[in-house]
Amino acid sequence: MLNLYTPEGYMDMGEVLASPYPFVVIIGARGCGKTYGALKYVIEKDIRFLYMRRTKTILDVVTDPRYSPFKILNEDLHADIIPEVSKHGYGIFKHEDTGEVAGYAAALSTFANLRGFDGSDIDMLIWDEFIPEPSEIVRFDEFSAFTNAYETINRNREFDGEPALKAILMSNSDLLYSGVVAGLNIADSLVKMQEEKIEVLEVSNDLVLIRPDSPEFYEKKKNTVLYRLTSGTDFSDMALENNFTVEDRSRIKARPLKEFNIVCSYKGLYIYKHKTDGTWYISRSGSGSPTEYKTTEADRRRYLREQTAVWRAFNKRKVYFENVSVQAVFLEIYN
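Residues numbered from 1 in each chain as written. Predicted model: local features only at pLDDT ≥ 70, side-chain atom pairs only at ≥ 80, totals over all residues. Heavy atoms only, no water.

**Student:** Just give me the short version of a positive patch on the surface, but keep the residues and values in it.
**Tutor:** A cluster of basic residues, K273, R312, K316 and K318, forms a positive patch on the protein surface. Relative to the helices and strands, K273 resides in strand β11 (residues 269-274). You can call K273 partly exposed: its relative accessible area is 37%. (Patch = residues over 30% accessible without salt bridge, like charges linked within 9 Å, V, L, I, M, F, W, Y side chains within 5 Å. Areas by Shrake-Rupley, 256 points an atom, 1.4 Å probe, with all protein chains shown as cover. Salt bridge = Lys/Arg side-chain N within 4 Å of Asp/Glu carboxyl O. Lys, Arg positive; Asp, Glu negative; His and termini not counted. Charge placed at Lys NZ, Arg CZ, Asp CG, Glu CD. Helix = DSSP H or I, 4+ residues; strand = E, 2+ residues; numbered from the N terminus. Buried < 20%, exposed > 50% of the residue type's maximum accessible area, 1.4 Å probe, protein only.)

Right, dumping it as structure tokens:
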């Protein structure tokens, strides 16, 4: 079992990042030490890293020396890590005295456009704030972009007996229905952890989910001004309680497929319409010969154009889902 906390109640990211899992997903309350601890670990262990954010706008902020995530770390560790923007569209974190590269910074939204980027020296990918805020408009397929970025960096190193690129995905519980949560098929697992107060859940030998719940940190944080003012609000539920909001749990129930006719399949979902009562059911289980849509941009547009009836039914509360993960993929499709 992982030891998740420092004596002060912050996350012990050294313990987490040293775990054997290639993929580590951390859903932690704001200010619990995720980013600070992860970057502290890679600097102290001299691990070449890629620090990733979702958009170029945020990348521009973190590669500004005034807002660099290493600003506080430099003071605490007596380090000299400074950001520098490459002409090729990514950032470089360097040691100011020697000019040696400590790591890189990149935006997921523009990663595919980077010119001359060689990630063969990168051993850890740290994707910070991988879940968008509910108010954000997502303009690209984030899961596809992430998997392609991982493949670009990892390449075939495993063929040669080298360890796979380690990917650390960190966020607050802003939005359960996001592209990466849907793509990794972990929505049900995250809800289970939330409801059963599970802090560490091994999904497979390759993936572990971590939802820290430090009583020491919680007690300190809830007695600060902002959280006294926002007690009981959606903000406090996300930022302090670290809870996702499940969209209309009454729509999540198993239904017998024999009562439905298959309509289509898209992004691993099978969409059915009831034979008599006008309700719809969406499942991971397929049957019959549905219209199939691929995951290309052209087929995404074709699906949205041709299958308007299921979205109209959803808005009339006539769509049911096999589980939360299915619901997450469906809602992610419609952003």
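**Student:** I'd like a rundown of helix α5 (residues 142-154), residues and numbers included.
**Tutor:** The periodicity of an α-helix, 3.6 residues per turn, causes residues three or four places apart in sequence to face the same way. Counted at 1.5 Å a residue, the expected span for α5 with its 13 residues is 18 Å, and the 18 Å between its end C-alpha atoms agrees. For α5, the full list of buried residues reads E142, A145, F146, A149, Y150, I153 and N154. All buried residues of α5 fall inside an arc of 155° around its axis, so they share one side. Considering only its buried residues, α5 is in contact with β1 (23-27), β2 (49-53), β6 (124-128) and β7 (166-171). (Expected span 1.5 Å × (residues − 1). Arc of directions from axis to C-beta. Contact = heavy atoms within 4.5 Å.)

**Student:** Break down unusual backbone geometry for me, citing the residues and quoting the values.
**Tutor:** Phi angles above zero are rare outside glycine, and R155 is one such case at about 50°. Note that R155 resides in the loop between α5 and β7. The phi angle at N185 is positive, at roughly 60°, despite the residue not being glycine. A relative accessible area of 39% places N185 in the partly exposed class.

**Student:** For the sheet that holds strand β10 (residues 260-266), give the residues involved together with the corresponding values.
**Tutor:** The five strands are arranged β13-β10-β11-β12-β14 in an open sheet whose pairing can be described as mixed. Every other strand in the sheet has two partners, leaving β13 (291-293) and β14 (319-321) as the edge strands with one partner each. Strand-to-strand twist in this sheet, taken as the mean axis angle between neighbours without regard to direction, amounts to 25°. Where β10 lies against β11, six bridges are found, and the strand directions are antiparallel. By the bridge assignment for β11, S265 is matched with Y270. Together, β10, β11 and β13 form the strand contacts of helix α11 (residues 297-306), whose direction differs from that of β13 by roughly 135°. Taken strand by strand, helix α13 (residues 324-333) contacts β10, β11, β12 (280-283) and β14, and its axis lies near 95° from that of β11. (Pairing = 2+ DSSP bridges. Axes fitted to C-alpha atoms, helices over the stretch in contact; angles between N-to-C directions.)

**Student:** Now, about the packing of aromatic side chains: what can you tell me, with residues and values included?
**Tutor:** The relative placement of two aromatic rings is captured by the distance of their centres and the angle of their planes. For the structure shown, the criterion picks out 20 aromatic pairs. A centroid spacing of 6.0 Å and a plane angle of 25° characterise the contact between F49 and F93, whose relative ring orientation is stacked. Separated by 44 residues along the polypeptide, F49 in strand β2 and F93 in strand β4 (residues 91-95) bring together distant segments of the chain. Assigned by exposure class, F49 and F93 land together as buried. (Phe/Tyr/Trp six-rings, centres within 6.5 Å; stacked < 30°, edge-to-face > 60°.)

**Student:** Account for α13, naming residues and giving values.
**Tutor:** Burial within α13 is extensive, with 10 of its 10 residues counted as buried. Among all positions in α13, only V324, S325, V326, Q327, A328, V329, F330, L331, E332 and I333 are buried. If you check the start of α13, you find a side-chain oxygen 3.2 Å away from the backbone N of S325, and it comes from N323. Once α13 ends, the next one or two residues include N335, with phi positive near 55°. (Polar contact = N/O pair within 3.5 Å; in protein donor to acceptor, adjacent residues only side chain to side chain.)

**Student:** So what's going on with the sheet that holds strand β8 (residues 200-202)? Residues and values would help.
**Tutor:** Spatially, the nine strands line up as an open sheet ordered β3-β4-β5-β2-β6-β7-β1-β9-β8, and their pairing is mixed. Lying at the two open borders of the sheet, with one neighbouring strand each, are β3 (81-85) and β8. Strand-to-strand twist across the sheet, computed as the mean angle between neighbouring axes with direction ignored, equals 20°. As paired elements, β4 and strand β5 (residues 101-107) share four bridges and run antiparallel to each other. Each bridged residue has a counterpart across the sheet, and for F93 the counterpart in β5 is G103. Of the strands in this sheet, β1, β2, β3, β5, β6 and β7 are in contact with helix α2 (residues 34-44), which crosses β6 at around 160°. Relative to the sheet, α5 contacts β1, β2, β6 and β7, its axis offset from that of β6 by approximately 160°.

**Student:** I'd love a proper account of the pairing of β7, names of residues and values included.
**Tutor:** Buried residues dominate β7, accounting for six of its six residues. The alternating pattern of β7 places K166, I168 and M170 on one face and A167, L169 and S171 on the opposite face, and all of these are buried. Pairing between β1 and β7: five bridges, direction parallel. Bridge pairing in β7 places V25 opposite L169. In the sheet, β6 pairs with β7 via five bridges, with the strands oriented parallel. When the sheet's bridge partners are listed, M124 is paired in β7 with K166. Handedness of the crossover joining β6 and β7 through α5 is recorded here as right-handed. (Right-handed = clockwise from strand over helix to strand, strands pointing away.)

This is a description of form; function is not addressed.
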